[in-house]
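So you can see what is in the structure, the chains are spelled out below.
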Amino acid sequence: MRIVAALGGNALLQRGEHPDATVQEAHIHQAATTLAELALAGHELIITHGNGPQIGLLALESAADPALAAPYPLDVLGAQTQGMIGTLLVRELRNKLPDRDVVALVTHTEVDPADPAFQHPTKFIGQTCTKSQAVQLIRERGWTMAPDGDDWRRVVPSPRPRTVLEAPTVRSLVAAGTVVVCAGGGGIPVTRNPNTGLLHGVEAVVDKDRTAALLAGQLDADALLILTDVTHVFAHYGTRHAHALPAATPAELRALDLPEGSMRPKAEAAATFVEHTGGIAGIGPLDDALGILIGTTGTLIRPDERASRKGTTPAGTAVDVHS
């Protein structure tokens, strides 16, 4: 089975933690353990990851650096995070998979320059801060800040991904037996000049889950796993009627009232992948990726009954993890 596994931000840095390298290395050690289980079970594995805290930290450092005439743009900072996080993941995966080739690939995601998201920043990056600190950052840096729970964070444009440019290269590497880490932080956002065909970086951060779903489709993946810090998707989340969903169809998932800043993008990415490919998607705990596939934890998303009658297994059926 060809699997795209998308690591949530908690895989690298949890809310409130200090962004030291040693803290992130400890989280990545845990993430690599569950990812290695997928590879050892015989699956082809492509890994994507978030970069919100890391790119926010680099942006703050760049804006405060007196040696720079202007801060580095977000696309370049995104490339830096791909290298930083990629090397940590590759190192841990090589230790756990000594007989497999593992590589991190700097990856670009093409977006539409006319995407309305450029006029309406919504993507959270960086560490949380107080409202007074947010006001100071607005005044000093010209950043857009927004509430994130009880705290505040910077928000930047998040255009929809159109294509992952290195997808053919990823496909070749996977076919050769390589475990590939790519599309970090949703990919480095670029636009293409319609007249010259030349690529240009843009000030944005693409949603990592949307890019993971897009890449999984481009690679003809059988499954998309979105690994996060919850055991399941919950219906009636935040109420006394909340309950875990072991299985759902894309339509059932879209009908849920999910938190916009956390579970909603994951659910939309999973539903989109299943609808467009007829494959399966799973949302569940970072430490049990295999469990999501076999149905012992997480929420498994499959096509609805109409798609099932065309040859797809009904929702809720366990997967043969050795296929």
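Data block above holds the structure.
Predicted, not measured: the structure shown is a model, and the values here were computed from it.

Cut-offs and rules
Residues numbered from 1 in each chain as written. Predicted model: local features only at pLDDT ≥ 70, side-chain atom pairs only at ≥ 80, totals over all residues. Heavy atoms only, no water. Helix = DSSP H or I, 4+ residues; strand = E, 2+ residues; numbered from the N terminus. Rg over C-alpha atoms; globule rule 2.2 N^0.38 Å. Buried < 20%, exposed > 50% of the residue type's maximum accessible area, 1.4 Å probe, protein only. Contact = heavy atoms within 4.5 Å. Areas by Shrake-Rupley, 256 points an atom, 1.4 Å probe, with all protein chains shown as cover. Lys, Arg positive; Asp, Glu negative; His and termini not counted. Charge placed at Lys NZ, Arg CZ, Asp CG, Glu CD. Phe/Tyr/Trp six-rings, centres within 6.5 Å; stacked < 30°, edge-to-face > 60°. Lys NZ or Arg CZ within 6 Å of the ring centre and 35° of its normal. Salt bridge = Lys/Arg side-chain N within 4 Å of Asp/Glu carboxyl O. Expected span 1.5 Å × (residues − 1). Pairing = 2+ DSSP bridges. 1 Å grid on protein atoms, 1.4 Å probe; cavity = no way out; pocket = protein on both sides within 12 Å on 5 of 7 lines; lining within 4 Å. Points joined across faces, edges and corners; volume = space filled by probe spheres on them.

Participant: What am I meant to see in the overall build of the chain here?
Facilitator: In terms of helices and strands, the chain carries 10 helices and 17 strands. Over its C-alpha trace the chain gives a radius of gyration of 19 Å, about what one expects of a compact globule, namely 20 Å for 323 residues. With respect to the three principal axes, the spread of C-alpha positions in the chain is 60 × 50 × 45 Å. The buried share of the chain, taken over its 323 residues, is 50%. Restricting to contacts in the chain with at least 6 residues of sequence separation, those with at least 24 account for 71%. Carbon together with sulfur atoms contributes 52% to the accessible area of the chain, which is approximately 14700 Å² in total. Considering the chain, the positive charge centre built from 26 side chains and the negative charge centre built from 35 side chains are found 4 Å apart.

Participant: I would appreciate a short explanation of the packing of aromatic side chains in the present structure.
Facilitator: To describe a pair of aromatic rings, one takes the distance between the centres and the angle between the planes. Here the structure, examined in full by the defined rule, presents zero aromatic pairs. Sitting over the ring of tryptophan 143, arginine 154 keeps its end group 4.1 Å from the ring centre.

Participant: What's the story with the pattern of salt bridges in this structure? I'm lost.
Facilitator: It is possible for side chains of opposite charge to pair when their charged atoms get near one another. Inspection of the entire model under this criterion finds eight salt bridges. With a shortest N-O distance of 3.0 Å, arginine 171 and aspartate 220 are connected by a salt bridge. Taken together, the residues arginine 171 in helix α5 (residues 167–175) and aspartate 220 in the loop between α6 (208–218) and β12 (223–228) connect sequence positions 49 residues apart. A salt bridge links aspartate 209 to lysine 208; its shortest N-O distance comes to 3.7 Å. With respect to burial, aspartate 209 and lysine 208 carry one shared label: buried.

Participant: Quick question: what am I supposed to make of the side chain of aspartate 209 here?
Facilitator: Topologically, aspartate 209 is positioned in helix α6. Every residue in contact with aspartate 209, bar those within four places of it in the chain, is listed here: Ala6, Ile226, Pro265, Lys266 and Ala269.

Participant: Sorry, what's going on with helix α2 (residues 52–64) here?
Facilitator: A turn of α-helix holds 3.6 residues, and therefore any two residues three or four places apart point the same way. With 13 residues, α2 extends 19 Å between its outermost C-alpha atoms, agreeing within 8% with the 18 Å of an ideal straight helix rising 1.5 Å per residue. In the core, the buried residues of α2 are packed alongside α1 (21–40), α3 (74–96), β5 (123–129) and β7 (151–156).

Participant: I keep staring at the pairing of strand β4 (residues 108–111) and nothing clicks. Help me out?
Facilitator: A regular strand places its side chains so that they alternate between the two faces of the sheet. With three bridges joining them, β4 and strand β10 (residues 188–192) adopt parallel strand pairing. Note on β10: the bridge partner recorded for threonine 109 is proline 189. Relative to strand β8 (residues 161–164), β4 runs antiparallel, the two being bridged by three bridges. From the neighbouring strand, threonine 109 faces β8, where its bridge partner is valine 164.

Participant: Explain empty space enclosed by the protein here, please?
Facilitator: Sizing a probe to match a water molecule and rolling it over the atoms shows the empty space that remains. Per the counting criterion, the structure on display carries one cavity of 30 Å³ or more. Volume-wise, the largest cavity comes out at about 50 Å³. Contributing to the lining of the largest cavity are 13 residues, with Asn51, Gly78, Gly185, Gly187 and Pro189 lying nearest its centre. Elements represented by at least two residues in the lining of the largest cavity include exactly α3 and β10.

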